[in-house]
Amino acid sequence: EELYKLALEQRKARERAQQRLEAEIRRGAKPRVNSKSKQIASELGSFSERLLARQNDAKRAAARRGPVGDSEELTFKPRINPNSRKILKSRSHQRHHHQHQH
């Protein structure tokens, strides 16, 4: 009985909170940005300007690194399960055989 009352009260509290939130949304809640945030945003530039600058930085960094194939930093060597190799080889063989028949 006591747990039932507690659960009912909690549900009603959630419903009231949801109703308050929906009412605020209907009123057109307008968040305010403080002056410090506005100052920082103005110094950073627009989103598209920052994105373009970041892309340009990435291109310059890639150009400095050189071609990907020559990079010694690429050390990942996947371990492929022998069964997977057999399946891949079998599929490749089947495709090759199928292409030559048609």
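The structure we're discussing is the one just above.
Fair warning: this is a prediction, and the values are worked out from it, not measured in the lab. (Residues numbered from 1 in each chain as written. Predicted model: local features only at pLDDT ≥ 70, side-chain atom pairs only at ≥ 80, totals over all residues. Heavy atoms only, no water.)

Novice: Describe the overall build of the protein chain, and please don't skip the residues or the numbers.
Specialist: In terms of helices and strands, the protein chain carries 4 helices and 0 strands. When the helices and strands of the protein chain are placed in sequence order, the string is α-α-α-α. Per-residue burial over the protein chain gives 1% buried out of 102 residues. When the accessible area of the protein chain is evaluated, it comes to approximately 10,700 Å², of which 54% is carbon and sulfur surface. (Helix = DSSP H or I, 4+ residues; strand = E, 2+ residues; numbered from the N terminus. Buried < 20%, exposed > 50% of the residue type's maximum accessible area, 1.4 Å probe, protein only. Areas by Shrake-Rupley, 256 points an atom, 1.4 Å probe, with all protein chains shown as cover.)

Novice: Explain the pattern of salt bridges residue by residue, including any values.
Specialist: Applying the stated criterion to the full structure yields 2 salt bridges. Notably, a salt bridge pairs E15 with R11, separated by 3.3 Å at the nearest N-O pair. In this pair, E15 and R11 are both assigned in helix α1 (residues 2-26), 4 residues apart and thus about one turn of the helix distant. For R11, a relative accessible area of 41% puts it in the partly exposed group. A salt bridge links D57 to R60, with the shortest nitrogen-to-oxygen separation between them at 2.5 Å. Taken as a pair, D57 and R60 lie in helix α3 (residues 47-65) at a separation of 3 residues, close to a single helical turn. Exposure remark for R60: the relative accessible area of 47% places this residue in the partly exposed category. (Salt bridge = Lys/Arg side-chain N within 4 Å of Asp/Glu carboxyl O.)

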